[in-house]
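# Observations on the model geometry
Okay, here's what each chain looks like letter by letter:
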Amino acid sequence: MKYIVANWKSNKNEGEVNEWFDNFSKLMTNGPISSGCELILCPPAVYLSLCRNLIKKYMLPMLLGAQNISPFNVGAYTGEITASQVREFAQYSIVGHSERRKNFCEDSKMIDEKVKQAKKAGLKSILCIGGLDTPISPDVSIIAYEPINAIGTGHPEESSEAEAIAEGIKSKYGVESFLYGGSVDEKNISSYFQEEEIDGVLVGGASLDALKFYNLIHKALSTS
Ligand code: PGA
């Protein structure tokens, strides 16, 4: 199974979410649909419900993910959204993104708790790592390797280098799926989809525009 995961980060308002779906659904009318590739959209949590309704309305072949979940269960944790709450709308959650490690002081212990909460709620974690030395919990089956210097910079890591990391991670931890993330766009997507051990991509900036994202998907599916 291949994966294309869109991470909208803290972007878009309600009108822009509607507009994106309107544009994307028109492009997808006769567009690429492949049973071998899972398309996963991770919008800001406040739009999970809206996105679920729009996916249904336009009958899009797309699943949802959260960008983050609470390390705690339901209860007195002001501002947190639990894995079980996310599970009502989504099938996946990104966990341990470098922006959360850096800006919200998330450490390995907290990230492990998030992975446990996700598992308990029936959510699949997409665990972000920055390299071979980031600890990986045995409960994780999908890894997103995102070298810090490649995120949002327009300087992606060469696919051959990411492939070497994929081999290392898979043999060390036995994870099922390895995704690459960091400045993936419609121009470089094919190089990642050509690699044997890279099972997909995590896309930030290039997923914000419906046409760019559609083109990226189209390229990926014509490569694999
Ligand atoms: P980018 O972000 O594609 O904009 O580099 C990727 C990510 O951080 O998930």
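Residues numbered from 1 in each chain as written. Predicted model: local features only at pLDDT ≥ 70, side-chain atom pairs only at ≥ 80, totals over all residues. Heavy atoms only, no water.

## Topic: the site of the ligand
The full set close to the ligand counts 13 residues, and Lys 9, His 97, Gly 152, Ser 183 and Gly 204 are the nearest of them. Between an oxygen atom of the ligand and a side-chain N or O atom of Asn 7, the distance comes to 3.4 Å. In the model, an oxygen atom of the ligand is placed 2.9 Å from a nitrogen or oxygen of the Glu 146 side chain. (Near = heavy atom within 4 Å. Polar contact = N/O pair within 3.5 Å; in protein donor to acceptor, adjacent residues only side chain to side chain.)

## Remarks on the nonpolar core
In this structure, Ile 4, Phe 21, Phe 24, Met 62, Ile 143 and Phe 213 are the most contacted members of the largest nonpolar core, which totals 59 residues. At 7 residues, helix α8 (residues 210-223) tops the list of elements feeding residues into this core. Discounting residues that sit within four places of it in the chain, Phe 24 has contacts with Leu 39, Leu 60, Met 62, Ala 210, Phe 213, Tyr 214 and Ile 217. Within the second largest apolar cluster, 12 residues are counted, among which are Val 5, Ile 40, Ile 94 and Cys 128. (Core = buried A, V, L, I, M, F, W, Y, C linked by side-chain atoms within 4.5 Å. Buried < 20%, exposed > 50% of the residue type's maximum accessible area, 1.4 Å probe, protein only. Helix = DSSP H or I, 4+ residues; strand = E, 2+ residues; numbered from the N terminus. Contact = heavy atoms within 4.5 Å.)

## Details of the side chain of Asn 188
Structurally, Asn 188 can be placed in the loop between β7 (177-181) and α7 (189-194). Looking at Asn 188, the relative accessible area reads 13%, which means it is buried. Side-chain polar atoms of Asn 188 contact the backbone nitrogen of Asp 185, separated by 2.9 Å.

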